[in-house]
Structure formats: C-alpha cells, structure tokens
Amino acid sequence: GSSSASSSSSSSGNCSASGGFAMPDPTLMDVLRVLRRVHLDWSSGGEESADRALDAQRKGVLDKVHLVFAGGLLETPDHPERCAFWRLAESLGAQCHRKWDATFITHVVAGEKRSGSVERAVKEGVHAVSKAPAVAPSAHLGSSLPLSAHLGSSRLISAH
C-alpha cells in the first residue's frame with residue numbers, strides 16, 4: 001500500500017513540487033539546437049561532412065564579437081595570439097584586439113572583477129566578462145551559450 005505510493009511519487013523525478021514539469025537544462029537545449037543545425041547543414045548538402053558542419057557552427061558562436069582582454073588575463077601580452085583565451089575566442093569566431101577601440105569593441109574579458117577596463121566597459125555600455133580558472137566544457141561543442149560560458153566558468157559583470 002503505502003510503499004507503492006511513495007515509490008510512484010519518487011519515480012517522477014522531473015516533476016516539480018508544484019506538480020508541473022521542471023524546465024530542461026538550458027545548456028542541454030543549446031547543445032540540442034547545435035546538433036539539429038549540424039544535422040540540417042550536413043543532410044541538406046550545405047556541408048560535406050558532420051565534422052565540417054560542426055566546425056562551421058563552432059566558428060559562428062562569437063560571430064560579430066569584438067573583444068579585448070584585460071586584467072592580466074593574457075600570459076604573454078607581447079604575443080597575445082599565443083594565449084589560450086585568445087585562441088579559444090578566435091576559434092569560436094570572435095575578433096580579438098590588442099587595444100581598446102570604443103568604435104567596435106563589444107566585450108571586455110577581464111582576469112579581475114575590478115579593473116580600469118571593466119570600469120570603462122560598464123561606463124561605456126560594453127559587456128564585461130570576469131574569467132574564473134576553469135574552461136567551460138561546452139566551449140568545444142560550439143553551442144550558443146553566452147560569451148562568458150565560452151571563455152570559461154566566468155561570470156557576466158555587466159550586460160548592457
């Protein structure tokens with residue numbers, strides 16, 4: 001009697017306490033969208049292989065993003081293109097810049113939450129992203145997650 005009632009209520013793990021269904025994980029939904037686009041591109045002949053279709057999706061993730069790194073994030077400031085964050089951002093379609101130019105910079109990625117570049121970004125209405133140490137596992141999938149997710153386990157400081 002009572003054990004079957006408790007086991008049936010515990011077996012509905014995706015129901016919320018209010019009786020409705022829990023929303024799916026947004027990361028999984030992003031991955032699903034990417035996989036559907038990859039499949040469509042490949043199956044319609046837009047790309048010659050699933051690998052190429054995935055690569056095309058990956059390169060479009062940060063399309064039209066122009067960013068500058070700040071707060072000591074780059075290991076070799078004299079050769080920023082050698083730094084992992086720079087290469088990751090470029091592999092996802094971003095255009096990385098050595099110097100801040102307010103006419104086209106869309107994002108500042110900072111190693112520290114409090115830096116002159118972050119303050120300037122907030123003041124000028126530019127996205128500022130703070131970087132934490134670990135790299136996001138979803139970055140290699142080319143999903144449509146925000147810049148902060150692609151550049152690591154980071155946190156958006158400001159979004160204008």
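Only a predicted model underlies this, so the values are computations on that prediction, with no experimental measurement involved.

Enquirer: Can you lay out the environment of Val34 for me, pointing to particular residues and giving the numbers?
Expert: The topology assignment puts Val34 in helix α2 (residues 26-43). The exposure class of Val34 is buried, given its relative accessible area of 3%. For the pair Val34 and Ala53, spaced 19 residues apart in sequence, the C-alpha to C-alpha distance is 9.8 Å.

Enquirer: Which residues make up the packing of α2 against helix α3 (residues 50-59), and what are the values?
Expert: The contact between α2 and α3 brings their axes to 8 Å, and the two run at 130 degrees. Regarding the angle of α2 to α3, the classification is oblique. The handedness of the crossing between α2 and α3 comes out as right-handed. Where α2 approaches α3, its residues Val34, Arg37, Val38, Asp41 and Trp42 are matched on the opposing element by Ala50, Ala53, Leu54 and Gln57. Looking at the contact of α2 with α3 residue by residue, the classes come out as six nonpolar, one polar and two charged.

Enquirer: Can you break down the nonpolar core residue by residue, with the values?
Expert: Across soluble globular proteins, nonpolar side chains show a tendency to be buried alongside one another. The biggest cluster of nonpolar side chains holds 16 residues, and the ones touching the most others in it are Leu62, Leu67, Phe69, Trp86, Ala89, Ala94 and Cys96. At four residues, helix α4 (residues 84-91) tops the list of elements feeding residues into this core. Excluding residues within four positions of it along the chain, Trp86 makes contact with Phe69, Leu74, Pro80, Glu81, Cys96, His97 and Arg98. Within the second largest apolar cluster, 10 residues are counted, among which are Val68, Val108, Val118 and Val126.

Enquirer: How would you sum up the pattern of salt bridges? Please name residues and give values.
Expert: Applying the stated criterion across every chain, the model contains six salt bridges. Residues Arg58 and Asp55 are paired through a salt bridge, measuring 3.3 Å at the closest nitrogen-oxygen approach. You can see Arg58 and its partner Asp55 sitting in helix α3, three residues apart, about one turn around the helix. A salt bridge links Arg120 to Glu124; its shortest N-O distance comes to 2.9 Å. Taken together, the residues span about one helical turn, with Arg120 and Glu124 both in helix α5 (residues 116-124) at a distance of four residues. Taking the relative accessible area as the measure of exposure, Arg120 reaches 34% and is therefore partly exposed. Each of Asp55, Arg58 and Lys59 takes part in one network of salt bridges that share partners.

Enquirer: Break down α2 for me, citing the residues and quoting the values.
Expert: Over its 18 residues, α2 runs 25 Å from end to end, which matches the ideal 26 Å to within 8%, given 1.5 Å per residue. Where α2 is buried, its residues touch α3. Immediately beyond the C-terminal end of α2, within one or two residues, lies Gly45, with a positive phi of roughly 90 degrees.

Cut-offs and rules
- Residues numbered from 1 in each chain as written.
- Predicted model: local features only at pLDDT ≥ 70, side-chain atom pairs only at ≥ 80, totals over all residues.
- Heavy atoms only, no water.
- Helix = DSSP H or I, 4+ residues; strand = E, 2+ residues; numbered from the N terminus.
- Buried < 20%, exposed > 50% of the residue type's maximum accessible area, 1.4 Å probe, protein only.
- Axes fitted to C-alpha atoms, helices over the stretch in contact; angles between N-to-C directions.
- Parallel < 35°, antiparallel > 145°, perpendicular 65-115°, else oblique.
- Left-handed = near helix turned anticlockwise from the far one by under 90°.
- Contact = heavy atoms within 4.5 Å.
- Nonpolar A, V, L, I, M, F, W, Y, C, P; charged D, E, K, R; others polar.
- Core = buried A, V, L, I, M, F, W, Y, C linked by side-chain atoms within 4.5 Å.
- Salt bridge = Lys/Arg side-chain N within 4 Å of Asp/Glu carboxyl O.
- Expected span 1.5 Å × (residues − 1).

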